[in-house]
Amino acid sequence: MLAYLNGGMVVFYLLSVCILACAVLLINLRKVIYMALALGGIFLGCAAVYFLVGAEFVGVAQLLVYAGAITILIMFAIMLTNHEAMEPALRWTWRQVAAAAAAVLLCAVLLWTIRSTVWPPSPADVDLNQGNSNPVAVGIMLFRDYAVPFELVSLLLIVGLVGAVILARERKEEDE
Amino acid sequence: MAYFPIPTGSLLALGAILFCIGLYGALTKRNLIIVLVSVELMLNAANINLVVFSRLGLNPGLNGQVFALFTITVAAAEIAVGLALLLAVFRLRKTSDVNDLNENKN
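Model, not experiment: these values are computed from the prediction.

Draft legend 1. Representation of the overall build of chain A within the structure. When you go through chain A residue by residue, the secondary structure sums to six helices and zero strands. Starting at the N terminus and ending at the C terminus, chain A contains elements arranged as α-α-α-α-α-α. Against the globule reference of 16 Å for 176 residues, chain A gives a C-alpha radius of gyration of 21 Å, more extended than a compact globule. Its C-alpha atoms give chain A principal-axis dimensions of about 65 × 45 × 25 Å. For chain A, the residues scored as buried account for 35% of the 176 residues in total. Partitioning the contacts of chain A with sequence separation of at least 6, the portion at a separation of at least 24 is 55%. For chain A, the computed accessible surface area is about 10800 Å², with 72% contributed by carbon and sulfur atoms. Separation between the mean location of the 9 positive side-chain charges and that of the 12 negative ones in chain A comes to 12 Å.

Draft legend 2. Looking closely at the layout of surface pockets. In this structure, the largest pocket spans a volume of roughly 450 Å³. If you trace the largest pocket, you find 20 residues lining it, with Pro 88, Arg 91 and Gln 96 of chain A together with Thr 28 and Arg 30 of chain B closest to the centre. Among the secondary structure elements, those contributing two or more residues to the lining of the largest pocket are helix H1 (7–28) and helix H4 (94–116) of chain A together with helix H1 (8–28) of chain B. By residue class, the composition of the lining of the largest pocket is nine nonpolar, five polar and six charged. Val 65 and Leu 157 of chain A together with Leu 69, Ile 72 and Thr 73 of chain B are the residues nearest the centre of the second largest pocket, which is lined by 18 residues in total. Those elements giving two or more residues to the lining of the second largest pocket turn out to be helix H3 (56–80) and helix H6 (147–168) of chain A together with helix H3 (63–93) of chain B. Along the lines of polarity and charge, the residues of the lining of the second largest pocket split into 17 nonpolar, one polar and no charged.

Draft legend 3. Molecular detail of the pattern of salt bridges. Residue and element names in this part refer to chain B. Applying the stated criterion across every chain yields a total of one salt bridge over all chains. Arg 30 is the salt-bridge partner of Asp 97, the closest N and O atoms lying 2.8 Å from each other. Within this pair, whereas Asp 97 is found in the segment after H3, its partner Arg 30 is found in the loop between H1 and helix H2 (32–53), the two being separated by 67 residues in sequence. With relative accessibility at 16%, the residue Asp 97 sits in the buried group. Exposure remark for Arg 30: the relative accessible area of 27% places this residue in the partly exposed category.

Draft legend 4. Spatial organisation of the packing of aromatic side chains. Under the defined criterion, the tally for this structure stands at six aromatic pairs over all chains. Seen in terms of ring centroids, Phe 43 of chain A and Tyr 66 of chain A are 4.6 Å apart; in terms of plane orientation they differ by 50°. Their pairing is tilted. Within this pair, whereas Phe 43 of chain A is found in helix H2 (residues 32–52), its partner Tyr 66 of chain A is found in helix H3, the two being separated by 23 residues in sequence. On the accessibility criterion, Tyr 66 of chain A (0% relative accessible area) is buried. Each member of the aromatic cluster is reached from another via a ring pair, and the members are Tyr 146 of chain A together with Phe 67 and Phe 70 of chain B. Directly above the aromatic system of Tyr 34 of chain A lies the positively charged group of Lys 31 of chain A, at a separation of 5.9 Å from the ring centroid.

Draft legend 5. Geometry of the interface of chain A and chain B. The interface is formed by 78 residues belonging to chain A together with 70 residues belonging to chain B. Looking only at chain A, the three residues that lose the most surface to chain B are Ile 27, Tyr 66 and Leu 128 of chain A, adding up to 10% of its buried area. Where chain A meets chain B, there are ten residue pairs in polar contact (both at pLDDT 80 or more). Considering every element that reaches the side of chain A that touches chain B, the biggest residue donor is H3 of chain A, with 13 residues.

Draft legend 6. Spotlight on the nonpolar core. Formed by 69 residues in total, the largest nonpolar core has its most connected members in Ile 42, Val 58 and Ile 74 of chain A together with Leu 18 of chain B. Mapped onto this core, the elements with two or more residues apiece are H1, H2, H3, H4 and helix H5 (134–144) of chain A together with H1, H2 and H3 of chain B. The element that contributes the greatest number of residues to this core is H2 of chain A, accounting for twelve residues. Counting five residues, the second-largest nonpolar core is a separate cluster that includes Ala 164 of chain A together with Ala 80, Ala 84 and Leu 87 of chain B.

Reading the values: rules and limits
- Residues take numbers from 1 onward in each chain, read along the sequence in its written order.
- Whichever chain is written first becomes A and whichever ligand is written first becomes 1, with later ones labelled in order.
- Only residues with pLDDT of at least 70 are given local features in this predicted model, and only at 80 or more are side-chain atom pairs given and counted; all residues enter the totals for whole chains, interfaces and linings.
- Excluding hydrogens and water, the side-chain figures rest on all heavy atoms present in the structure.
- Each helix corresponds to a stretch of at least 4 residues labelled H or I by DSSP, and each strand to a stretch of at least 2 residues labelled E; elements are numbered beginning at the N terminus.
- What the globule rule says is 2.2 Å times the number of residues to the power 0.38, and the radius of gyration is computed from C-alpha atoms.
- Per-residue accessibility, obtained with a 1.4 Å probe over protein chains only, is compared with the maximum for each type, and a residue is labelled buried under 20%, exposed over 50%, and partly exposed between these values.
- Note on definitions: a residue-residue contact is assigned when non-hydrogen atoms from the two residues lie within 4.5 Å.
- The Shrake-Rupley method, run with a 1.4 Å probe sphere, supplies the accessible areas, and residue values consider only the shown protein chains as cover.
- Counted charges follow a simple rule, with Lys and Arg positive, Asp and Glu negative, and His plus the chain ends left uncounted.
- Just so you know, the charge point we use is NZ for Lys, CZ for Arg, CG for Asp and CD for Glu.
- Any residue with an atom within 4 Å of a point lines the site, the site being either a cavity, points on a 1 Å grid over the protein atoms alone where a 1.4 Å probe fits but cannot get out, or a pocket, an open set with protein on both sides within 12 Å along at least 5 of 7 lines.
- Grid points are joined across faces, edges and corners, and a volume is the space filled by probe spheres set on the points.
- For this classification, Asp, Glu, Lys and Arg are treated as charged, while Ala, Val, Leu, Ile, Met, Phe, Trp, Tyr, Cys and Pro are nonpolar and the rest, including Gly, are polar.
- Salt-bridge detection follows one rule: a side-chain nitrogen of Lys or Arg within 4 Å of a carboxyl oxygen of Asp or Glu.
- We call Phe, Tyr and Trp rings a pair once their centres come within 6.5 Å, taking the six-membered ring for Trp, and we label the pair stacked below 30 degrees between planes, edge-to-face above 60, and tilted otherwise.
- Here, a charge over a ring is recorded when the distance from Lys NZ or Arg CZ to the ring centre is within 6 Å and its angle to the ring normal is within 35 degrees.
- The term buried area denotes the loss of accessible surface (1.4 Å probe radius) that occurs when two parts are joined, taken as the sum for both partners.
- Any pair of nitrogen or oxygen atoms within 3.5 Å is treated as a polar contact; in protein, a donor-acceptor pairing is required on top of that, and neighbouring residues in sequence qualify only through side-chain atoms on both sides.
- We call a set of buried Ala, Val, Leu, Ile, Met, Phe, Trp, Tyr and Cys residues a nonpolar core when their side-chain atoms join them within 4.5 Å.

That's the geometry; what it means functionally is another story.
Below, the structure is given as structure tokens:
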């Protein structure tokens, strides 16, 4: 078993422990701003996992969009609303119990399914990137096979961001 | 490109556990921002699965990674609109607690 354990797997399990520790912190911390920090930790860990499985471009996008933009945006939102907000201490109301039971049940079912499925060993000799580096291969794929969805998603982004600005701006007197 | 053969089951298990933690957070947290954050956590878990699955199958390719990129884009748009709605609600009601926003309660 020990020979089976290579360096990548050791790094992966350490990263998983970090990610899950940050996630548990996110659930257990009570000050909202600390929760946003824990979220940043989770996103950084996931980016490292992407690098580890060879998806470099997705990892960099994760770093830029999630760990950079979204975490900072959430911190801005917390600061603009009541930044002293605290989650109430954990009380086991029926609602909490039901949510915890549902989450644990779903987790158990998922893990049992993953465990009982025989996954084919990922072929190590297949080059996913077809000789290019990963960003080049992803770019070729995006602009050749997924050109229309790519344009649509840019449209979605511009609509979303303009809509966000319109929703969030201060209402003037003459608008009302 | 360095590629370390990590067992598929372990990666999927990481995604599953992250998803369930996000689900628990989305169901129980009181602050609207934290509910949004938990939804982001669930999207992130799905992204991990997409990237892992892109290596499997009859003809492994980069489709899963491209899907993950699209998901990241949609998640960015979602969080921008969600936080804008949150700011608008906060300006109107002076609260970001989901229980105070429940109109059906009384």
